[in-house]
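The residues making up each chain are set out below.
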Amino acid sequence: MADAFALELSNISKRFGTHWALAHLNYGLPPARSLLLTGHNGSGKTTLLRLLATAIQPTLGQLQVLGFSAKRETSLIRQHTALLSHASYHYEDLSAEQNLKLLARLLGKPSAQLPLLLERVGLSSRKQSPVRQFSAGMRKRLAIARLLLKAPRLALLDEPFGELDPSGIVDMENLIRELKAQGTTLILATHLVEQGLSLTESRLHLNQGRIEEAS
Amino acid sequence: MKTGFLHNMWAVLLKDFQIEWKTKARLNALLFFSIATLLMFSFAVGPNVESKAAHAAAYIWLSLLFASVLSLGESFRIESENHALEGLRLAPTSLKAFFLGKTIANTLLLWLLSLLIVPLTFALYNVELQGSWVLLVLVLLGGAAAIAAPGTFYAAIALGARSKDILLPLLMFPVLVPALVACVKATTLVVEADPMQQLSSWLALLTAFCLVYWVLGTLLFPHVVEGD
């Protein structure tokens, strides 16, 4: 039987030291839907995405991602989830190709598809260069290649348009549409609300770690 | 393609070698640091040739121990840059496999360093090897493994701390005392061709130390890294 929710948050709270970054979140997102996360700086968007990726664990509450418990089945969630975050996750001294090869090895995927991926994100000509020599936009493009290599069931995109040039932004919009067409559940956190709304079906607005509006 | 435990371990090991091969920064820095340390010991002890030769093994292992602090810190600096370790964690990668891959890489680097500095020390301190070179190479490998396992574990703990450069030796040095003593004694006995047949007991201590810390490190490492 298909899961009723791709995400299910029950009274989720997250505390860092004495500061509650998220407080008592309750929300459910059906599979293959796309959600826009909005809110001011410090509203808890990134923390929520990191919780969903199981990079961190909630302080309180129950979290189910793709039907798996975030506490007991983290490995299963990680297999099917990809996070495009502020941190690029690249090794600076390895080349773009070596970084992707490492991920392909860990995922058990053939490296034959890597040239195509690098071509797609526009890094073919720089595939042998160490990431240390890359601009912020090129690092973002490599992070997108990582996401595509993983082919996740749940894609978590934290400010995906940041650092990209105009052609990169168009490519990212096309990628989001493509992921949606493939049935990927998608969560997009951005300050570009109009752009985000045109790409997603639902919206969650956070304010000081609480849900202010869900539509 | 499979993504088993050994596959993950190999991927981490290969990645560390690729980075080292590309930059060669760590091995070069460690080699010059170790040579500088050995020279400082030599100057501090003075011109007494007998005293120098008698304590050569201690100088070798102290020099390797100090170099290991730099090496282990650097091995986790590359993991903290761009939150690369988090990227591997979310890939997902078995953290036990990661620990073993990283520890093997650190062991091999320290071993290689020891193979470079031991002949130099023997020349500098007028040491004549009376025992077997093969046995000496094995003792060096055992010592490198004994430093690398707790070192890799504590480097991961220190990674999240503000004063990680201070914390790592503070955590690591007390734990390594038995291994250090065993390494110095075993090396001295190999150099002197083990006249009283004492070598086996020191090798047993070194083996037991390695077993305990490689097993403990593998089991505890995921808890250190996953704790938030």
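Residues numbered from 1 in each chain as written. Chains lettered and ligands numbered in written order. Predicted model: local features only at pLDDT ≥ 70, side-chain atom pairs only at ≥ 80, totals over all residues. Heavy atoms only, no water.

Asker: Which parts of the structure should I look at to understand the environment of Ser 43 of chain A?
Answerer: Residues and elements named next belong to chain A. Along the chain, the position of Ser 43 falls in the loop between strand 3 (34-38) and helix 1 (45-52). Among the residues examined, Ser 43 registers a relative accessible area of 3% and is labelled buried. Note: C-alpha distance between Ser 43 and Gly 162 (119 residues apart in sequence) is 18 Å. (Helix = DSSP H or I, 4+ residues; strand = E, 2+ residues; numbered from the N terminus. Buried < 20%, exposed > 50% of the residue type's maximum accessible area, 1.4 Å probe, protein only.)

Asker: When you look at the sheet that holds strand 3 of chain A in this model, what are you seeing that I'm missing?
Answerer: Paired through their backbone hydrogen bonds, the strands of a sheet run either parallel or antiparallel. Residue and element names in this part refer to chain A. Sheet architecture is open: six strands sit in the order 6-7-8-3-9-10, paired in mixed fashion. Unpaired on one side and paired on the other, strand 6 (81-84) and strand 10 (210-214) mark the two borders of the sheet. In this sheet, adjacent strand axes meet at a mean angle of 20° when their direction is disregarded. Relative to strand 9 (residues 202-207), strand 3 runs parallel, the two sharing four bridges. (Pairing = 2+ DSSP bridges. Axes fitted to C-alpha atoms, helices over the stretch in contact; angles between N-to-C directions.)

Asker: Can you help me understand the sheet that holds strand 1 (residues 7-16) of chain A in this one?
Answerer: Residue and element names in this part refer to chain A. With respect to topology, four strands assemble into an open sheet ordered 2-1-4-5, the strand pairing being antiparallel. The sheet terminates laterally at strand 2 (19-29) and strand 5 (68-69), the two strands that pair on one side only. Here five bridges tie strand 1 to strand 4 (residues 60-65), and the two strands are oriented antiparallel to one another. Counterpart to Leu 9 in the pairing with strand 4 is Leu 63. Packing of helix 1 onto the sheet brings it into contact with strand 1, strand 2 and strand 4, and relative to strand 1 it is tilted by some 120°. (Contact = heavy atoms within 4.5 Å.)

Asker: Would you take a moment to explain a nonpolar patch on the surface for this structure?
Answerer: Residue and element names in this part refer to chain B. The grouping of Leu 211, Val 212, Val 215, Leu 216, Leu 219 and Leu 220 at the surface amounts to a nonpolar patch, some 520 Å² of accessible area in total. Note that Leu 219 resides in helix 10 (residues 199-226). Leu 219 gets classed as partly exposed once you look at its relative accessible area, which sits at 47%. (Patch = residues over 30% accessible without salt bridge, like charges linked within 9 Å, V, L, I, M, F, W, Y side chains within 5 Å. Areas by Shrake-Rupley, 256 points an atom, 1.4 Å probe, with all protein chains shown as cover. Salt bridge = Lys/Arg side-chain N within 4 Å of Asp/Glu carboxyl O.)

Asker: What is the right way to read the interface of chain A and chain B from this model?
Answerer: Accessible area lost upon the coming together of the parts serves often as the stated size of an interface. Between chain A and chain B, the contact holds 34 residues from the first and 29 residues from the second. Summed over both partners, the interface of chain A with chain B comes to about 2700 Å²; 55% of that surface belongs to carbon and sulfur atoms. In terms of surface lost to chain B, no three residues of chain A exceed Tyr 91, Arg 105 and Leu 106 of chain A, which account for 29% of the buried area on that side. Across the chain A-chain B interface, the total number found is three salt bridges. Run the count over chain A and chain B and you get 14 residue pairs in polar contact (both at pLDDT 80 or more). Those elements that provide at least two residues to the side of chain A that touches chain B are helix 2 (74-80), helix 3 (96-107) and helix 5 (136-150) of chain A. Of the residues forming the side of chain A that touches chain B, the biggest block, six residues, is contributed by helix 3 of chain A. For the side of chain A that touches chain B, a count of residues per class yields 13 nonpolar, 10 polar and 11 charged. (Buried area = accessible area lost by both parts, 1.4 Å probe. Polar contact = N/O pair within 3.5 Å; in protein donor to acceptor, adjacent residues only side chain to side chain. Nonpolar A, V, L, I, M, F, W, Y, C, P; charged D, E, K, R; others polar.)

Asker: Sorry if this is basic, but what is going on with helix 2 (residues 25-45) of chain B here?
Answerer: Residue pairs three or four apart in sequence face the same way in an α-helix, which turns once every 3.6 residues. Residues and elements named next belong to chain B. Given a rise of 1.5 Å per residue, 21 residues ought to cover 30 Å, and the 30 Å separating the end C-alpha atoms of helix 2 matches this to within 8%. Along helix 2, the residues classified as buried are Arg 26, Leu 27, Leu 30, Ser 34, Thr 37, Leu 38, Phe 41 and Ser 42. An end-on view of helix 2 places all buried positions within 135° of arc, on one side of the element. Exposed residues lying more than 90 degrees from the buried face of helix 2 are Phe 32, Met 40 and Phe 43. In this structure, the buried residues of helix 2 make contact with helix 1 (5-23), helix 3 (49-54), helix 4 (56-80) and helix 6 (95-124). (Expected span 1.5 Å × (residues − 1). Arc of directions from axis to C-beta.)

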